[in-house]
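Secondary and tertiary structure notes
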Amino acid sequence: LSLSLAVSVSSLSLALSLPPLKGAVARALRPLMVARASLYKLPCTAACSVLNRPMPASATGTCGRQQSATGILPRRTLVDMAGGGGIAARGINTLYTHFVDRQDWNRKKLLSRVNLSLCSVRDNGTSLALRTLFERHVDHLFLNNRQLKRVVLQAALKTTVAQAFVQLPERDSWFTLVAILNEISSQFSANMLQHDISPTSMQECSYIFGLTREVFPEWDEPRRFEKLRVMLIKEDTLAQWPQLRSTLQVVEAHQPRLRTLDQMHVLWQDHVAREAAAPAGVLDSLDMHYVMRIKFAVPAD
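The rules behind the values
Residues numbered from 1 in each chain as written. Predicted model: local features only at pLDDT ≥ 70, side-chain atom pairs only at ≥ 80, totals over all residues. Heavy atoms only, no water. Core = buried A, V, L, I, M, F, W, Y, C linked by side-chain atoms within 4.5 Å. Buried < 20%, exposed > 50% of the residue type's maximum accessible area, 1.4 Å probe, protein only. Helix = DSSP H or I, 4+ residues; strand = E, 2+ residues; numbered from the N terminus. Contact = heavy atoms within 4.5 Å. Polar contact = N/O pair within 3.5 Å; in protein donor to acceptor, adjacent residues only side chain to side chain. Pairing = 2+ DSSP bridges. Axes fitted to C-alpha atoms, helices over the stretch in contact; angles between N-to-C directions. Phe/Tyr/Trp six-rings, centres within 6.5 Å; stacked < 30°, edge-to-face > 60°. Lys NZ or Arg CZ within 6 Å of the ring centre and 35° of its normal.

**Examining the nonpolar core**
Soluble globular proteins tend to bury their nonpolar side chains together. Phe-142, Ile-180, Ile-184 and Phe-209 are the most contacted members of the largest nonpolar core, which totals 30 residues. For this core, the secondary-structure elements that each account for two or more residues are strand 1 (109–122), helix 6 (138–141), helix 7 (146–156), helix 8 (170–187), strand 3 (202–212), strand 4 (226–234) and strand 5 (291–299). Excluding anything up to four places from it in sequence, Phe-142 contacts Val-114, Leu-148, Val-152, Thr-176, Ile-180 and Leu-211. By size, the runner-up hydrophobic cluster in this structure holds 19 residues, among which are Ile-233, Leu-258, Trp-268 and Tyr-290.

**Considering the environment of Arg-259**
Secondary-structure assignment places Arg-259 in helix 12 (residues 255–277). Measuring from C-alpha to C-alpha, the distance between Arg-259 and Ala-162 comes to 8.4 Å, with 97 residues separating the pair along the chain. Among the polar contacts made by the side chain of Arg-259, one reaches the main-chain carbonyl oxygen of Val-215 at a distance of 3.3 Å.

**Some points on the sheet that holds strand 1**
Strand order in the open sheet formed by 5 strands is 2-1-4-3-5, with mixed pairing between adjacent strands. Edge strands, defined here as strands with exactly one partner in the open sheet, are strand 2 (127–137) and strand 5. For this sheet, the mean inter-axis angle between neighbouring strands, taken without regard to orientation, is 30 degrees. Direction of pairing for strand 1 relative to strand 4: parallel, over a ladder of 7 bridges. The residue of strand 4 that forms the bridge with Cys-119 is Ile-233. Relative to the sheet, helix 8 contacts strand 1, strand 2, strand 3, strand 4 and strand 5, its axis offset from that of strand 5 by approximately 15 degrees.

**Some points on the pairing of strand 3**
Burial of strand 3 is extensive: 9 of the 11 residues sit out of reach of the surface. In the sheet, strand 3 pairs with strand 4 via 6 bridges, with the strands oriented antiparallel. Across the sheet, residue Phe-209 finds its bridge partner in strand 4, namely Leu-232.

**With respect to the pairing of strand 1**
Taken together, the 10 bridges between strand 1 and strand 2 define a ladder with antiparallel strand orientation. Each residue of the ladder has a partner; that of Ser-120, found in strand 2, is Ala-129. Joining the antiparallel neighbours strand 1 and strand 2 is a turn of 4 residues, in which Asp-123 adopts a positive phi near 55 degrees.

**Overview of the environment of Lys-227**
Counting through the fold element by element, Lys-227 comes out in strand 4. Taking the C-alpha atoms as reference points, Lys-227 and Val-215, 12 residues apart in sequence, are found 9.9 Å from one another. Those residues in contact with Lys-227, other than ones at most four positions away along the chain, are Leu-110, Leu-111, Arg-113, Asn-115, Glu-135, Thr-212 and Arg-213. Looking at Lys-227, its side chain comes within polar contact range of the side chain of Glu-135, at 3.0 Å.

**A word on the packing of aromatic side chains**
In total, this model carries 3 aromatic pairs according to the counting rule given. Between the aromatic rings of Phe-188 and Phe-296, the centroid separation amounts to 5.4 Å while the plane-to-plane angle is 85 degrees, which identifies the pairing as edge-to-face. One end of the pair, Phe-188, is in the loop between helix 8 and helix 9 (189–197); the other, Phe-296, is in strand 5, and 108 residues separate them in sequence. Exposure remark for Phe-188: the relative accessible area of 32% places this residue in the partly exposed category. Between the aromatic rings of Tyr-207 and Phe-296, the centroid separation amounts to 5.3 Å while the plane-to-plane angle is 80 degrees, which identifies the pairing as edge-to-face. With Tyr-207 in strand 3 and Phe-296 in strand 5, this residue pair connects regions lying 89 residues apart in the sequence. Relative accessible area serves as the criterion here: at 16%, Tyr-207 is assigned to the buried category. Cluster of aromatic residues (ring-pair linked, three or more members): Phe-188, Tyr-207 and Phe-296. The ring of Phe-134 is capped by Arg-136, whose NZ or CZ atom sits 4.3 Å from the centre of that ring.

Written out as structure tokens, the structure is:
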């Protein structure tokens, strides 16, 4: 059986290398994934017939529940009859995962990764520096919560060239950005503790961040990874962005980032204006949030 599965994977790899067959393979595998999810919901008699195994005398109901006075077949019994715990289902899952991973890699579409990118203006306002501070799996960043991850990815797929920032549902935007804020803060907690111990030796610096999925119409084929990116920039720099942008000398690969920072400046202005109009100068957790402020402690000059 293992050899058969290996042959199946090799055959699928060959099929996927032929562009005309990609769509057909995708359409063929999706029903199989539905069938896999429905395997344990089959009536016991049908399941035993498919598996060519004798029907237990006490089994009369549907599969997937524990044995009871009504005579329900335990899920473990069906798994044992399947001979090794659903090998066929796992095989289908392996083939489907292989197909999806191959497609995503060919398109350089890695939305399972979240990158924290620091944007800073250097050399007297003439150069733009982009530095990765960390990269996390989307499950790790969003608390291993499937619903939250689903909400974020669905919203991320709606970004456009004109708006690279993820527009989350209003009721979820603050909570999602706070999850990101907590992860960023945890990476730089030592300075905050030092600031609490010795306030005079440290000073606070305000930054703005937002979640993006950038679209690059300038390029006809994937020339960089498509992933979720958290843009982080000093608030003072963002406030002066229109003036700084005119003096920047940016390489071609970073040109799209200028467009994203243009959009971030507009969103920041809207954020500040709504903060000024809000009670106590603070937006409510149920208000819409595109960007969020975070403060770091740095050594005092």
